[in-house]
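Residue-level structural notes
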Number of protein chains: 2
Amino acid sequence: MHSHPPRIGIIGSGAIGGFYGLMLARAGFDVHFLLRSEYQAVCERGLSLDSAVHGALHMRVQAYVSAADMPPCDWLLIGAKATSNEQLAPLIVQAAAPGAKVVLLQNGLGVEEQLRPALRSDMHLLGGLCFICVNRLAPGVIRHQALGAVNLGYHSGPASDCGVALVNEGAGLFQAAGIDSQAMPNLALARWQKLVWNVPYNGLSVLLGASTSPLMADSNSRELIQALMAEVVQGAAACGHVLPAGYAEHLFQVTERMPDYWPSMYHDHVHKRPLELEAIYAEPLARARAAGCSMPRTEMLYQALSFIDCSDRPA
Amino acid sequence: MHSHPPRIGIIGSGAIGGFYGLMLARAGFDVHFLLRSEYQAVCERGLSLDSAVHGALHMRVQAYVSAADMPPCDWLLIGAKATSNEQLAPLIVQAAAPGAKVVLLQNGLGVEEQLRPALRSDMHLLGGLCFICVNRLAPGVIRHQALGAVNLGYHSGPASDCGVALVNEGAGLFQAAGIDSQAMPNLALARWQKLVWNVPYNGLSVLLGASTSPLMADSNSRELIQALMAEVVQGAAACGHVLPAGYAEHLFQVTERMPDYWPSMYHDHVHKRPLELEAIYAEPLARARAAGCSMPRTEMLYQALSFIDCSDRPA
């Protein structure tokens, strides 16, 4: 499909963008990183990865502080928070080659719908669901604890085959970099699947100040996690997305076998950054409600987190 | 009904026992305080009250460290936490005159049922619902911020008139001490009414680390408080206790006009004391469930608080 090997741009190089960008660079791809607060540190010291799966890795990378300086990219992986998509949209467009594929490596619902109007009509938009325990230890320093898969689904764009070929091509890039990646025929379903994990664990880590191990060790929090997961499964079904049987139980068991992990929302809370409440809570709640499904525990968690978010950053 | 003026015993003199005991002593009643950790301080310095309603008050009081040393009391006001009723039962019996009236000034459901088997058959058991903003600043030092009413209802004992006369007599004691007090013909209903306040505010103060003013200032926590209140009203109705119309709205508005207040459960959490989860959450949830009524938000709050309670005091 490409006369030249694909050029990959990484927008927002926190834990997610940094990890996948570095893995792709290590595999020999031509990767370009757009950075903000970490630019200086990455220019001076490169990117470092301490991975329990892939070992230690340190690389000099092609880093930019301005999208205008980047070469046109065929693939753009967006690892920034969903809360910053509006400001990022012009930069994404600026860095995009004609017919570029933009992949939102973000959680929640509605992130593609929010970004789509700001993109050109020749651009493809995909969603990427990351199942990975990764965090940022310092500017340019990433720790990868476990897992790593990225599942891709097509959202919108000029593809004539519902994006099947592009999604397979994208999954192939990740696979070539040693990363598990599946093509998801239904992005909306895939996003609801990921919410089965994010809704309980992200929120409860903030609300209870607890990482996954203590949450999985206490009978009360276990019951609460399962009740929240069941609500998400019901919400998805009400919206027409019937999840695979036993999917919640599967994620529950995966989490039980994971190393102790602090979800990203906890780090956002500790650093008083905006919490991704719109995509992970408000939008799923609104869609389920519109489909006649109430999610009282999820709503309570959203209300409690909204209170905490306002307390973190008073207007 | 009494040949001698009633002798009043106060068991557990934290904020509640200390406040009401001191007010009754100020009014000239013969009041005896059973103390544990505060005994030394109260013997040396008496009891002090700083009341926004009644002014400053300081009194030497009749204090005891052992129930065996107390004279037989006609009325026993139990101000200790419901979590300590089992240990207190023998002391209550020891301090009780024949035909004594025991008043549980505690929140929640099931506290009388739990204590009753440990009392003598000649003893009357009443419940007292305190609508008051009061806390303990130091041993023997109490701050009263607002309100103050005690509503009394009869639970069980040898009264031939369902306890109507005794409840009126008890309310009369409080009224003689300048305290608002109503006789409640239905104690179970009165306990559910009080839960409409305790379920949201006690739990959310711990979960969100917030006192009443910030909880009442944020639209998310306001909605959550109202949703929790509505669940309690529904749970009560399912159990056959239909609350007065507009009761939840009334308590919500009362709280809006209150000075900023940290509920007692918050203080228990900060001092890593056991939280009163059984009486305020578990028992109402069990009764509503048995009546076919689910209270998902209340249950979630209970699960979250149970997690916090276990974290506060690891086994």
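On a predicted model such as this, the values are computed, not experimentally measured, just so you know. (Residues numbered from 1 in each chain as written. Chains lettered and ligands numbered in written order. Predicted model: local features only at pLDDT ≥ 70, side-chain atom pairs only at ≥ 80, totals over all residues. Heavy atoms only, no water.)

**Side note on the overall build of chain A**
Selection rule: Here a strand is any run of E in DSSP of at least two residues, a helix any run of H or I of at least four, and the numbering for each starts at the N terminus. It is over C-alpha atoms that the radius of gyration is taken, and the globule rule equals 2.2 Å times the number of residues to the power 0.38. Residue exposure (1.4 Å probe, protein chains only): buried if accessible area is under 20% of the type maximum, exposed if over 50%, otherwise partly exposed. What makes two residues a contact is simply this: any of their non-hydrogen atoms within 4.5 Å.
A tally of regular secondary structure across chain A gives twelve helices and ten strands. Taking 20 Å as the expected radius of gyration for a compact globule of 315 residues, we find that chain A reaches 19 Å, a close match to that expectation. With the principal axes as the frame, chain A shows a C-alpha extent of 55 × 45 × 40 Å. For chain A, the proportion of its 315 residues judged to be buried stands at 60%. Expressed as a percentage of contacts within chain A between residues at least 6 apart in sequence, the contacts between residues at least 24 apart total 70%.

**Some thoughts on the relation of the copies chain B and chain A**
How we decide: The least-squares superposition of copies is restricted to C-alpha atoms, and to residues with a pLDDT of at least 70 in both copies.
If you rotate chain B by 180° and push it 0.0 Å along the axis, it lands on chain A with an RMSD of 0.0 Å. Look at the turn and shift together and you get a two-fold axis relating the two. Residue Arg297 of chain B of chain B places its C-alpha closer to the rotation axis than any other residue of that unit, at 2.9 Å. Both copies present the same face, since 100% of the interface residues in chain B are matched by interface residues at the equivalent positions in chain A.

**What about the side chain of His32 of chain B?**
Residue and element names in this part refer to chain B. Among the secondary structure elements, His32 is positioned in strand E2 (residues 30-34). On the accessibility criterion, His32 (4% relative accessible area) is buried. If we ignore the near neighbours within four places in the chain, the residues touching His32 are Arg7, Ile8, Gly9, Ile10, Gln62, Tyr64, Met70 and Pro71.

**Focus: the interface of chain B and chain A**
What counts is decided by this rule: Joining two parts hides part of their accessible area as seen by a 1.4 Å probe, and the buried area is that hidden amount summed over both. The term salt bridge refers to a side-chain nitrogen of Lys or Arg lying within 4 Å of a carboxyl oxygen of Asp or Glu.
Contact with chain B, which involves 21 residues of that partner, is made by 21 residues of chain A. Overall, the association of chain B and chain A removes approximately 2,000 Å² of surface from exposure, summing both partners, and the carbon and sulfur fraction of that is 71%. A per-residue breakdown of the area chain B buries against chain A is headed by Met300, Gln303 and Phe307 of chain B, which together make up 36% of the total. Taken together, chain B and chain A are joined by two salt bridges.

**Considering the side chain of Ser51 of chain B**
All names here are of chain B. Quick reminder of the rule: Pairs of N or O atoms are called polar contacts if they sit within 3.5 Å, as long as, within protein, a hydrogen donor faces a hydrogen acceptor (for residues adjacent in sequence, only side-chain-to-side-chain pairs).
With respect to the element layout, Ser51 can be found in strand E3 (residues 47-51). In this structure the side chain of Ser51 is engaged in a polar contact, spanning 2.8 Å, whose partner is the backbone nitrogen of His54. For Ser51, the side chain forms a polar contact with the side chain of His144, separated by 2.8 Å.

**Quick notes on the packing of helix H6 (residues 187-207) of chain B against helix H12 (residues 296-312) of chain B**
Residue and element names in this part refer to chain B. The test is simple: Axis definition: a line fit to C-alpha positions, over the contact stretch in the case of helices; interaxial angles, taken between N-to-C directions, run 0 to 180 degrees. Convention used here: angles under 35 degrees read as roughly parallel, angles over 145 as roughly antiparallel, angles from 65 to 115 as roughly perpendicular, and any remaining angle as oblique. When the near helix sits turned anticlockwise from the far one by under a right angle, the crossing is termed left-handed; a clockwise turn instead gives a right-handed crossing.
H12 packs onto H6 with a crossing angle of 40° between their chain directions and a minimal axis gap of 10 Å. Classified by the angle between their axes, H6 and H12 sit oblique to one another. Our pair here, H6 against H12, has a crossing hand that is left-handed. On the side of H6, the interface is formed by Val199, Gly203, Leu204, Val206 and Leu207, while H12 contributes Thr298, Leu301, Ala304, Leu305 and Ile308.

**Looking at the pairing of strand E1 (residues 7-11) of chain B**
As a general feature of sheets, a regular strand has side chains that alternate between the two faces. Residue and element names in this part refer to chain B. Cut-off, in case you're wondering: A pair of strands is labelled paired if DSSP reports no fewer than 2 bridges between them. A clockwise path from the first strand over the helix to the second, with the strands pointing away from the viewer, defines a right-handed crossover.
Burial within E1 is extensive, with four of its five residues counted as buried. Sheet topology places E1 next to E2; five bridges connect them, and they run parallel. For Ile11, the partnering residue across the bridge sits in E2 and is Leu34. Handedness of the E1-helix H1 (residues 15-26)-E2 crossover: right-handed. Relative to strand E6 (residues 73-78), E1 is paired through four bridges, and the arrangement is parallel. Directly across from Gly9, in E6, lies its bridge partner Leu76.

**As for the packing of helix H8 (residues 219-238) of chain B against helix H9 (residues 247-257) of chain B**
Packed helices, taken two at a time, are described by the angle their axes make and the gap between the axes. Residues and elements named next belong to chain B. Rules: Note on residue classes: Ala, Val, Leu, Ile, Met, Phe, Trp, Tyr, Cys and Pro are nonpolar, Asp, Glu, Lys and Arg are charged, and everything else, Gly too, is polar.
Remark: H8 packs on H9, axes separated minimally by 10 Å, with the N-to-C direction vectors making an angle of 145°. The interaxial crossing formed by H8 with H9 has right-handed handedness. Where H8 approaches H9, its residues Arg222, Ile225, Gln226, Met229 and Val233 are matched on the opposing element by Ala248, Leu251, Phe252 and Glu256. When the residues that make up the contact of H8 with H9 are grouped by side-chain class, the tally is six nonpolar, one polar and two charged.

**Considerations on the pairing of strand E4 (residues 55-59) of chain B**
All names here are of chain B. Relative to E4, E3 is paired through five bridges, and the arrangement is antiparallel. For Ser51, the partnering residue across the bridge sits in E4 and is Gly55. Turn length for the E3-E4 hairpin, with the two strands adjacent in sequence and antiparallel, is three residues.

**Thoughts on the environment of Glu113 of chain A**
Residue and element names in this part refer to chain A. Mapped onto the elements, Glu113 comes out in helix H4 (residues 111-115). With 67 residues separating them along the chain, Glu113 and Gly46 place their C-alpha atoms 34 Å apart. When sequence neighbours within four positions are dropped, the list of residues in contact with Glu113 reads His155 and Arg287.

**Overview of the nonpolar core**
The following threshold applies: As used in this record, nonpolar core signifies buried Ala, Val, Leu, Ile, Met, Phe, Trp, Tyr and Cys residues forming a set joined through side-chain atoms within 4.5 Å.
Leu204 and Leu208 of chain A together with Leu204 and Leu208 of chain B are the most contacted members of the largest nonpolar core, which has 102 residues in total. When neighbours within four sequence positions are excluded, Leu208 of chain A is seen to be in contact with Leu215 of chain A together with Leu207, Ala304, Phe307 and Ile308 of chain B.

**Section: the packing of aromatic side chains**
What counts here: Note on aromatic pairs: the rings of Phe, Tyr and Trp (six-membered ring only in Trp) are paired at centre separations within 6.5 Å, and the planes decide the class, stacked below 30 degrees, edge-to-face beyond 60, tilted for the rest. Charges are assigned to positions over rings by a cutoff of 6 Å between ring centre and Lys NZ or Arg CZ, combined with an angular limit of 35 degrees from the ring normal.
Scanning the model with the defined rule gives ten aromatic pairs over all chains in all. Centre to centre, the rings of Phe19 of chain B and Tyr20 of chain B are 4.9 Å apart; their planes meet at 80°, and the pair counts as edge-to-face. For the pair Phe19 of chain B and Tyr20 of chain B, one class covers both residues: buried. Residue placement shows Lys194 of chain A over the ring face of Phe131 of chain A; its charged tip is 5.3 Å from the ring centre.

**Overview of the domain arrangement of chain A**
Residue and element names in this part refer to chain A. Rules: Domain extents, as shown, originate in an automatic or database domain assignment.
Domain annotation for chain A reports domain 1 (7-185) and domain 2 (189-312). The gap between the C-alpha centroids of domain 1 and domain 2 is 24 Å. With both sides pooled, the region where domain 1 packs onto domain 2 buries about 2,000 Å², and carbon together with sulfur makes up 60% of that total. On the domain 1 side of the contact with domain 2, Lys81, Asn107 and Leu109 bury the most area, a combined 35% of that side's loss. The interface formed by domain 1 and domain 2 holds four salt bridges in total. Across the salt bridge formed by Lys81 and Glu276, the nearest N and O atoms sit 3.9 Å from each other. Linking domain 1 with domain 2 are eleven residue pairs in polar contact (both at pLDDT 80 or more), by the criterion used here. Going through the elements one at a time, H4, strand E8 (124-138) and strand E9 (141-156) are the ones with two or more residues in the side of domain 1 that touches domain 2. A breakdown of the residues in the side of domain 1 that touches domain 2 according to their chemical character gives 13 nonpolar, nine polar and three charged.

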